[in-house]
Amino acid sequence: MIDGIKIGYIGAGSMNWAWAVMGDLTLDNEIGGEVKLYDLDFASAKANEKIGNNLDSNWKYTACPSLQEALAGVDFVIISILPGTFDAMESDVHAPEAYGIYQSVGDTVGPAGIVRTMRTVPMMAEIAEAIRDYCPGAWVINYTNPMAACVNTLYRVFPGVKAFGCCHEAFHIQALLAKLMETEIGEKVTKSEININFLGVNHFVWADKASYKNTDLMPRFADFAKKYAQSGYALTADDEDVTNHFRNLNKVCFDLFNQFGVIPVAGDRHLVEFMSPSYLKDVEQWGFALTPVSWRKSNQKELLEKRARILSGAEAFEVKNSGEEGTLLIKALLGLGDMITTLNLPNRGQMQGIDHGIVVETNAIIHRDAVYPVCAGKLTEPVHAMVKKHADAQAQLIDACLNKDTSAVFEIFARDNLVCDLDEKDARELFKRMITNTKSYLKGWKVDEF
């Protein structure tokens, strides 16, 4: 066992990601140490300190009132913050509906993703500076969206940072392909047995190769996509439930594959925000859901009530495997076994045709104190053209956000696939309304003057 590990957790008041990390660390018996918890809501960090220290684990949890205290001398940093509040996100997602623009997630692209990025980049810049000053040699694992913008900002502000982003969307297509093989061979297949070549930017990643042992899955997926193009295919009962705000029948995935011959990796709710608005105009036909922010607020209220019960002893904290890979990645970086998984990293040649330094999502090998991106090649046209368009916009948006250039952000906003059908007057009016609604998180930006 490796003991004495120090983890600094930013956003540690969370009742989703933080609880998932705490559960995974508790279940592991090969590593131990201290998790230093930092959150702007210090009371929430203190609550998780108490919950964590009541667990039977190899870890001590300490709530820290400052970023410096949380990061000083740590070996690993985990970042899972909400950039703003759900009130801000409610404006991001729902204000555009007055202009006929609907969004299913609202955390990466589209008008919601762009305004969220305006809030996020300055926050991540501050975090990057703190990592540079207090733990420059630490490995940094980011879970925050917009994922690519967060990771890119870390590297832009602190070029020596050792950071990568983790997204569980890749697990979805592995699970779908595993189910495909199970129906064919009649045996259990796990998603970890599915090998995929990933290429793209976060939430808009594609697979041009997929295999199970010595079986090429691409021809099989072609048959699968044609068979279920109209009806869709639900991985779970929840995916099929019409009341589920995360419903997904994979019909958009199948449609895009049938058009372009490569597999879209993310769930349909993410994919549609990168495409033209046509999918979002008929969600019932395409079998996915728009997730209202009212649901997120309701869920947060339920989690707060749950936390109160756990703290009072009325309910036990459920220790379970989250399915995320954070603990496995930490162990691999400590030398407890190599692993290969998909990560968000600056492009150093792993994805051809995308500018150097733009954060892309491909496979990487994680070794003791090292991460090596795997050369993934280049997507076929026109998929590459679509990915490159979003990758270039991402780079331009980060430049604008680091400079707090409101006009430059608006130019990117107006070109976005979900906005570009508006005339300039309406686009400008919508942008002004959205940034005004969230201006308390836009310090130093020209909001009132725009």
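So, here is what we can say about the structure in this document. Here, residues in each chain are numbered from 1, in the same order as that chain's written sequence. Thresholds applied to this predicted model are a pLDDT of at least 70 for local features of residues and 80 or more for the giving and counting of side-chain atom pairs; totals over whole chains, interfaces and linings are not thresholded and use all residues. Note that water and hydrogens are dropped before the side-chain values are worked out from all heavy atoms of the structure.

**Focus: the overall build of the protein**
Test applied: The numbering of helices and of strands both runs from the N terminus, where a helix is a DSSP run of H or I of at least 4 residues and a strand a run of E of at least 2. The quantity called the radius of gyration is restricted to C-alpha atoms. Its globule counterpart is 2.2 Å times the number of residues to the power 0.38. Only protein chains enter the accessibility calculation, which uses a 1.4 Å probe; a residue is then buried when its area is under 20% of its type maximum, exposed when over 50%, and partly exposed in between. We call two residues in contact whenever any of their non-hydrogen atoms come within 4.5 Å of each other. When charges are counted, neither His nor the chain ends are considered; positive counts come from Lys and Arg and negative counts from Asp and Glu. Taken as the charge centre is NZ of Lys, CZ of Arg, CG of Asp or CD of Glu, depending on the residue.
Scanning the protein for helices and strands turns up 17 helices and 13 strands. For 450 residues, the compact-globule estimate of 2.2 N^0.38 gives 22 Å, and the protein sits close to it at 21 Å. Reported as C-alpha extents along the three principal axes, the dimensions of the protein are approximately 65 × 50 × 45 Å. Counting every position in the protein, which comprises 450 residues, the buried fraction comes to 58%. Once local pairs closer than 6 in sequence are excluded, the contacts in the protein between residues at least 24 apart make up 70%. With 44 positive and 59 negative side-chain charges, the protein shows a spacing of 2 Å between the two charge centroids.

**So, the nonpolar core**
Threshold: Within this scheme, the nonpolar core is defined by two criteria: the residues are buried Ala, Val, Leu, Ile, Met, Phe, Trp, Tyr or Cys, and they are joined through side-chain atoms within 4.5 Å.
Formed by 68 residues in total, the largest nonpolar core has its most connected members in Val 77, Ile 131, Leu 154 and Phe 164. It is helix H6 (residues 147–157) that contributes the most residues to this core, six residues altogether. When sequence neighbours within four positions are dropped, the list of residues in contact with Val 77 reads Gly 8, Ile 10, Leu 71, Ile 131, Cys 135, Ala 138, Trp 139, Val 140 and Ile 141. Of all hydrophobic cores here, the second largest spans 53 residues; its members include Val 109, Ile 358, Met 386 and Met 434.

**Quick word on the pattern of salt bridges**
If charged atoms from side chains of opposite charge come close, those side chains can pair. Defined as follows: Salt bridge, as used here: a side-chain nitrogen of Lys or Arg that lies within 4 Å of a carboxyl oxygen of Asp or Glu.
Following the criterion strictly, the structure yields 19 salt bridges and no others. For Glu 30, the salt bridge goes to Lys 331, with nearest N and O atoms at 2.6 Å. Here Lys 331 lies in helix H14 (residues 326–333) and Glu 30 lies in the loop between helix H1 (17–27) and strand E2 (31–38), a separation of 301 residues in the sequence. For Lys 331, a relative accessible area of 10% translates into the label buried. Here Asp 369 and Lys 162 are joined by a salt bridge, their closest N and O atoms 3.3 Å apart. Of the two residues, Asp 369 sits in the loop between strand E12 (359–367) and strand E13 (370–373) while Lys 162 sits in strand E6 (residues 162–165), which places them 207 residues apart along the sequence. You can call Lys 162 partly exposed: its relative accessible area is 22%. Linked through salt bridges whose partners overlap, the residues forming this network are Asp 28, Glu 30 and Lys 331.

**A short note on the side chain of Lys 331**
Heads up, the rule is: As used in this structure description, the phrase polar contact means that two N or O atoms lie within 3.5 Å; if the pair is within protein, one of them must be able to donate a hydrogen and the other to accept it, and residues adjacent in sequence are counted only when both atoms belong to side chains.
Here the side chain of Lys 331 touches Glu 30 through a polar contact of 2.6 Å, side chain to side chain. With sequence-adjacent residues up to four places away left out, Lys 331 is seen in contact with Asp 28, Glu 30, Ile 31 and Leu 336.

**Considering unusual backbone geometry**
Here Asn 145 and Pro 146 are connected by a cis peptide whose omega angle stands at 5 degrees. Of note, Pro 146 is situated in the loop between strand E5 (139–142) and H6. For the bond from Glu 381 to Pro 382, the omega torsion is 5 degrees, close enough to zero to count as cis. Tracing the backbone shows Pro 382 in the loop between E13 and helix H15 (383–402). Backbone geometry places His 203, a non-glycine residue, at a positive phi of 70 degrees.

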